[in-house]
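What the coordinates show
This is what each chain is made of:
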Amino acid sequence: MNRFEYADSRLFPNEIYIRRDFGICLYDGDVKTNFESGELVLTSHRFLWGRPGDISRGYTCLSLFLRHIVYFEEEIPGPFSFGRSKKIIIHLSEAPIDKMPGPLDNSIYNYIKISFKEGLDPNFHTHLSDTIMRRIWELTPIMPLNHPDTNIKNSGDINKPLPQIKTRTGIIGIERSLQEQQKATDESISMAFQDLKKLMEVAKDMVSISKTISTKIRERQGDITEDETVRFKSYLMSLGIDDPVTRDAYKNSNEYFKQLAKQLADILEEPIKEVGGMMTLTDVYCRVNRARGLELLSPEDLLNASRQLASLDLPIVLRVFDSGVMVLQARSHDDNTIVDIIADLIKKKGFLTAEELAQSEGISVLLARERLLVTEKKGKACRDDTIEALRFYPNLFLEKDN
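So, here's what we can say about the structure. (Residues numbered from 1 in each chain as written. Predicted model: local features only at pLDDT ≥ 70, side-chain atom pairs only at ≥ 80, totals over all residues. Heavy atoms only, no water.)

**As for the nonpolar core**
Formed by 26 residues in total, the largest nonpolar core has its most connected members in Leu26, Phe47, Ile90, Ile114 and Phe124. Contributions of two or more residues to this core are made by strand 2 (17-28), strand 4 (38-43), strand 5 (46-50), strand 6 (60-65), strand 7 (69-74), strand 8 (86-92), strand 9 (111-116) and helix 2 (123-134). In this structure Leu26 touches Met1, Phe4, Lys32, Thr33, Phe35, Trp49, Leu62, Lys113 and Ile114, once residues within four positions along its chain are discounted. (Core = buried A, V, L, I, M, F, W, Y, C linked by side-chain atoms within 4.5 Å. Buried < 20%, exposed > 50% of the residue type's maximum accessible area, 1.4 Å probe, protein only. Helix = DSSP H or I, 4+ residues; strand = E, 2+ residues; numbered from the N terminus. Contact = heavy atoms within 4.5 Å.)

**Looking at unusual backbone geometry**
Residue Ser37 is not a glycine yet carries a positive backbone phi of 55°. Note that Ser37 resides in the loop between strand 3 (31-32) and strand 4.

**Details of the environment of Ser129**
With respect to the element layout, Ser129 can be found in helix 2. The class for Ser129 is buried, based on a relative accessible area of 14%.

**What about the side chain of Lys99?**
With respect to the helices and strands, the residue Lys99 is situated in the loop between strand 8 and strand 9. Among buried charged residues, Lys99 stands out as having no salt bridge; its nearest opposite-charge side chain is Asp105, 5.5 Å away. Among the polar contacts made by the side chain of Lys99, one reaches the main-chain carbonyl oxygen of Asn2 at a distance of 3.3 Å. Discounting chain neighbours no more than four positions away, the residues touching Lys99 are Asn2, Arg3, Phe4, Glu5 and Leu104. (Lys, Arg positive; Asp, Glu negative; His and termini not counted. Salt bridge = Lys/Arg side-chain N within 4 Å of Asp/Glu carboxyl O. Polar contact = N/O pair within 3.5 Å; in protein donor to acceptor, adjacent residues only side chain to side chain.)

**Quick word on helix 6 (residues 253-274)**
Given a rise of 1.5 Å per residue, 22 residues ought to cover 32 Å, and the 31 Å separating the end C-alpha atoms of helix 6 matches this to within 8%. Within helix 6, the full set of buried residues consists of Tyr256, Phe257, Leu260, Ala261, Gln263, Leu264, Ala265, Leu268, Pro271 and Ile272. With a side-chain oxygen lying 3.3 Å from the backbone nitrogen of Asn254, the N-terminal cap of helix 6 falls on Asn252. The first or second residue beyond helix 6 is Gly276, which carries a positive phi of 100°. (Expected span 1.5 Å × (residues − 1).)

**As for helix 8 (residues 299-306)**
Listed as buried for helix 8 are Asp301, Leu302, Leu303, Ala305 and Ser306. Buried residues along helix 8 sit in contact with helix 6, helix 7 (281-292), strand 11 (316-320) and strand 12 (326-330).

As C-alpha cells, then:
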C-alpha cells in the first residue's frame, strides 16, 4: 500500500479512461485494509480508488501508477474458500524515493490484492494486460494539470461508458475470447438456418402454385384475358421467379451445380463489375436469393456452384483471400491495377483505414480491408496497428529520393 498516493481524481489531459469496477476492497499484502467497497478506475497510466461517487465528483482518491506493476495474477482459492470473493494479486516494484504522500509510508509487502465483492469481470484481465503491454505512460508521460497545454481536450472521461478497444492479452484471455466468439457464432448460425428452413418450406408451396399458374398461362387455359396474362407475368418477374435452376430438375448434383454456376455468372457478371470487380460471398448470397424470389438457395449450394465457375471458364471466379474471406471476382479484375489505385489514394490522403476506403469506394469494410492487405502484400503500403485503428501508410522505401 505504500505505492499508493493521494491524488486528484480528475484525469490528466493525455490520460485515457479504460474501465470502472465497483465493490472493490484493497489489501496490503495479505492484510485487509479499511479501503473497502469502493470503486476502481483503470486508466492508461494509473489505478484510481475512491469511495462510491467520490471519483466522479472530483474528490481526492488513491492513485497507483501502472509503471510500478511487475506482473499480476489471479489468486488461487484454497480448499475452504467457497463463496469468497475473487482476488487479483498485483506484484509491485520498490516504492520510488520521490513518491507523493499516501495512506501508508512503509510496508513489508511487495504486492497488493484487489478483492472484487461484486464478482470479477472476465474482461478485467484483458483490459489490464493490454494496458500494461502498451505502456502508454512511456510514450505519453502524464502532463500536470497546471501545464500550459492543459487546454488540450482530455482524452478520457470517467463518466462515459467503456470504449470499444482492441485488446491483446495472454493465452487464457485469448482462449476465453475465442470460446465466447465461437459460442456467439454457433448460436447465430443455428438461428439463421432455422429461419431459412422454415422460409424454404413455405416458399416451396408458393413456388409450386406459381409454376402451375405459369403453365396455365402458357397453355392459355381458363378465362384469363391478355391484359391479365401480361400483368400476372409482371408480378412473377417482380418476385424474381424467372425459371431459376433447381435441384429437382437434374438427376445428379454435379450437373445441378454446373447449371447453377452458369446462372450465377449471368446474374452477377454486371453487378460485380459495377462494384469494382469483386463481391463478398455473403453479399452474393443475399443478391442471388433476392433475384430467385421464392426459390431460395442454400449457402452450401451457393458455395459448391461457385467452385465450378473456374472450370467452366465463366466470366467470374471464386477467390479465397489469405484471411479466409471468399469473394466472387470478375476474370477481368486486375490486382495490380487496383493496388496502384489504392497506393495513389493512400499517398494523396496520407493514410487510409478500411472504413475510410469503404466509404470512399462504396464497398464493404471487409472488402476494403482485403484490398488494403493486398496492397501491403504487393509492397506498396505499410501498416500501423494502433489502439485507435489499423492504418495503412505509403511505403516510403519505394521513393527514389529517400
